[in-house]
Amino acid sequence: FKSIGMMAFMMWMSGNTVQIFSIGITMTGLVSPIKAILGAGSIFARFADKDTDVLLPRLLFSLIHLGGFGFALYKLSQLGLLPTHTSDWITPAVPKMAEYASGGTPLM
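Quick caveat: nothing in here was measured; it's all calculated off a predicted structure. (Residues numbered from 1 in each chain as written. Predicted model: local features only at pLDDT ≥ 70, side-chain atom pairs only at ≥ 80, totals over all residues. Heavy atoms only, no water.)

Participant: Give me the nonpolar core: which residues, what numbers.
Facilitator: The biggest cluster of nonpolar side chains holds six residues, and these are M7, M11, I25, L30, A72 and L76. For this core, the secondary-structure elements that each account for two or more residues are α1 (2-13), α2 (20-38) and α4 (55-79). With near-sequence residues (within four places) excluded, I25 lies in contact with M7, M10 and M11. By size, the runner-up hydrophobic cluster in this structure holds five residues, among which are A36, A40, F44 and F61. (Core = buried A, V, L, I, M, F, W, Y, C linked by side-chain atoms within 4.5 Å. Buried < 20%, exposed > 50% of the residue type's maximum accessible area, 1.4 Å probe, protein only. Helix = DSSP H or I, 4+ residues; strand = E, 2+ residues; numbered from the N terminus. Contact = heavy atoms within 4.5 Å.)

Participant: Quick one: what's the story with α2, residue by residue and with numbers?
Facilitator: Given a rise of 1.5 Å per residue, 19 residues ought to cover 27 Å, and the 27 Å separating the end C-alpha atoms of α2 matches this to within 8%. Of the positions making up α2, those classed as buried are S22, I25, T26, G29, L30, P33 and A36. The buried side chains of α2 occupy one side of the element, clustering within an arc of 145° when seen end-on. For α2, exposure combined with an orientation more than 90 degrees from the buried face picks out I20, K35 and L38. Those residues of α2 that are buried are in contact with α1, α3 (40-45) and α4. (Expected span 1.5 Å × (residues − 1). Arc of directions from axis to C-beta.)

Structure representation (structure tokens):
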């Protein structure tokens, strides 16, 4: 479980600028939890027997990794790499600008 915390810390430290390092860390943060959830059967197989129920620990394991996956999706959103605006899907649509500049003096 410490891998989820370490990955979240690395994603946080990589910042919100689109760079190869931050994209790579975020993609690792997306892939690692999915691989862990899909491999949960082999992880918990050695503990399962007729006297031990591993369903609850396996569900908790999956929930924790889904939380890490959710953090990676949030990071992608902060990087601006998720298609969340109408302009991401429709070419002529222009997104609303959050920053405006005015001023200056005319040269003529």
